[in-house]
Structure formats: C-alpha cells, structure tokens
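Spelled out from the first residue to the last, the chains are:
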Amino acid sequence: MDLCHPDPVELSSGEAEELQRIRWHRKQLLEDIQKLKDEIADVFAQIDCFESAEESRMAQKEKELCIGRKKFNMDPTKGIQYLIEHKLLSPDVQDIARFLYKGEGLNKTAIGTYLGERDPVNLQVLQAFVDCHEFANLNLVQALSVVRTKGESV
C-alpha cells in the first residue's frame, strides 16, 4: 500500500473522511499560498512603479536645477526667483547663501553681482554668505586667501 496515496477501498469510513478533510485543508492552503504570491507580486510591481516615478521626479528636479543655474548665470535675481518658484531653493537667506557658497555650476561673477545688490534681502544673503566662510584663527592675508581660493573653485 502506498502511504502517500492510499487506495480508498482499504480505508475505513473515518479514515476516508479524515483524508477528505486533509485534502480540503491542503487545497485551502495552496489557494492561500497563491493569494500571498499574487499579493507579493502586486507589492513588488507597486515598488517598481514608485521607484520609476521617483527616478523620473529626480531627473525632472535635476533638469530644473540646471535651468535655474543657467538663469542665475544670465540674471542672478531671476535665477534665484526661478529656483524658489520651483521649490529647489527656499526663500530663506541662509539657504540662498549656502547655495551661492557651494557655487555648483554658478558663475562667480554672477554670484558677485547678486551679492553686490543693495536690496535688503541681498544684503542679508551677503552677510549669511560671509558667515559660510571659516575665518577663525586666520590673519588678514590668510582670510583673503580663503576667499580667493573659494572664488576660484566657484
């Protein structure tokens, strides 16, 4: 007699009923497993979709940042305005100063033009920009060297 597939003729009625219950539970478990597999596949599909959307959003943000830098290099005030409008930069003077201090892709003459404006906001940005530099424990010549070196890297 095969223990895995017993001949129903050799089973008592109680054993046959127990075998039916086992088969029914097995079928239910297999259906539950398939449902879980389907749900997992759906979750992975949603994750892939989310990652794709996130990559697209990041590419769009990088494109807008590049446009903002170009606008800044042509007209610093309009460039900053564009970056703020597209939420790539906050209107906070500290954030603007850090953006200018990093200077990634920015023309140093355009940075100087922006910082040289006499508008109250520009003057606040200028002060925050100066605060970004580390002048502690430096004499005047060393401090000017820091500023010159920073200007060359911008």
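Residues numbered from 1 in each chain as written. Predicted model: local features only at pLDDT ≥ 70, side-chain atom pairs only at ≥ 80, totals over all residues. Heavy atoms only, no water.

A. Spatial organisation of the overall build of the protein chain. Scanning the protein chain from N- to C-terminus turns up six helices and zero strands. Secondary structure elements of the protein chain occur, N-terminal to C-terminal, as α-α-α-α-α-α. A burial count over the protein chain gives 21% of its 154 residues as buried. Excluding contacts between residues fewer than 6 apart, the proportion of contacts in the protein chain whose partners are at least 24 apart in sequence is 48%. Carbon and sulfur atoms make up 58% of the accessible area of the protein chain, which amounts to about 11,500 Å² in all. (Helix = DSSP H or I, 4+ residues; strand = E, 2+ residues; numbered from the N terminus. Buried < 20%, exposed > 50% of the residue type's maximum accessible area, 1.4 Å probe, protein only. Contact = heavy atoms within 4.5 Å. Areas by Shrake-Rupley, 256 points an atom, 1.4 Å probe, with all protein chains shown as cover.)

B. Focus on the UniProt feature "coiled-coil region" (unreviewed entry) in the protein chain. Residues annotated by UniProt as "coiled-coil region" (unreviewed entry) correspond here to residues 19-53. Secondary structure across residues 19-53 comprises 100% helix and 0% strand; the distance between its end C-alpha atoms is 51 Å. (UniProt positions renumbered as here; feature names shortened; annotations may be inferred.)

C. Expanded view of helix H3 (residues 93-102). Residues Val93, Ile96, Ala97, Phe99 and Leu100 constitute the buried set of H3. Down the axis of H3, the smallest arc covering the buried residues is 160°, so these residues share one side. Close packing links the buried residues of H3 with helix H1 (13-74), helix H2 (76-85), helix H4 (108-116) and helix H5 (120-132). Positive backbone phi, at 65°, marks Gly103, one or two positions downstream of H3. (Arc of directions from axis to C-beta.)

D. Here's a closer look at the packing of aromatic side chains. Taken as a whole, this structure holds two aromatic pairs when the rule is applied. When the ring of Phe72 is compared with that of Tyr114, the centres are 6.2 Å apart and the planes differ by 55°; the resulting orientation is tilted. Pair noted here: Phe72 is in helix H1 and Tyr114 is in helix H4, with a separation of 42 residues, a long-range link. Residue Phe72 shares its accessibility class with Tyr114, and that shared class is buried. With a centroid separation of 6.3 Å and 70° between ring planes, the pair formed by Tyr101 and Phe129 is classed as edge-to-face. Note that Tyr101 is positioned in helix H3 and Phe129 in helix H5, a separation of 28 residues in sequence. Note on Tyr101: relative accessible area 27%, which makes it partly exposed. Here Phe129 falls in the buried class, since its relative accessible area comes to 13%. (Phe/Tyr/Trp six-rings, centres within 6.5 Å; stacked < 30°, edge-to-face > 60°.)

E. Local environment of the packing of H3 against H5. Two elements in contact, H3 and H5, have axes whose closest approach is 8 Å; the angle formed by their N-to-C orientations is 60°. Considered as vectors, H3 and H5 are oriented oblique to each other. As for how H3 packs across H5, the hand of that crossing is right-handed. Contact residues: H3 offers Val93, Gln94, Ile96, Ala97, Arg98, Leu100 and Tyr101, while H5 offers Val121, Gln124, Val125, Ala128, Phe129 and Cys132. (Axes fitted to C-alpha atoms, helices over the stretch in contact; angles between N-to-C directions. Parallel < 35°, antiparallel > 145°, perpendicular 65-115°, else oblique. Left-handed = near helix turned anticlockwise from the far one by under 90°.)

F. Here's a closer look at the nonpolar core. Judged by nonpolar contacts, the single largest core of 20 residues is most densely connected at Phe72, Ile80, Phe99, Leu100, Tyr114 and Val125. Of all the secondary-structure elements, those providing two or more residues to this core are H1, H2, H3, H4 and H5. In this structure Val125 touches Val93, Ile96, Ala97, Leu100, Tyr114 and Leu115, once residues within four positions along its chain are discounted. (Core = buried A, V, L, I, M, F, W, Y, C linked by side-chain atoms within 4.5 Å.)

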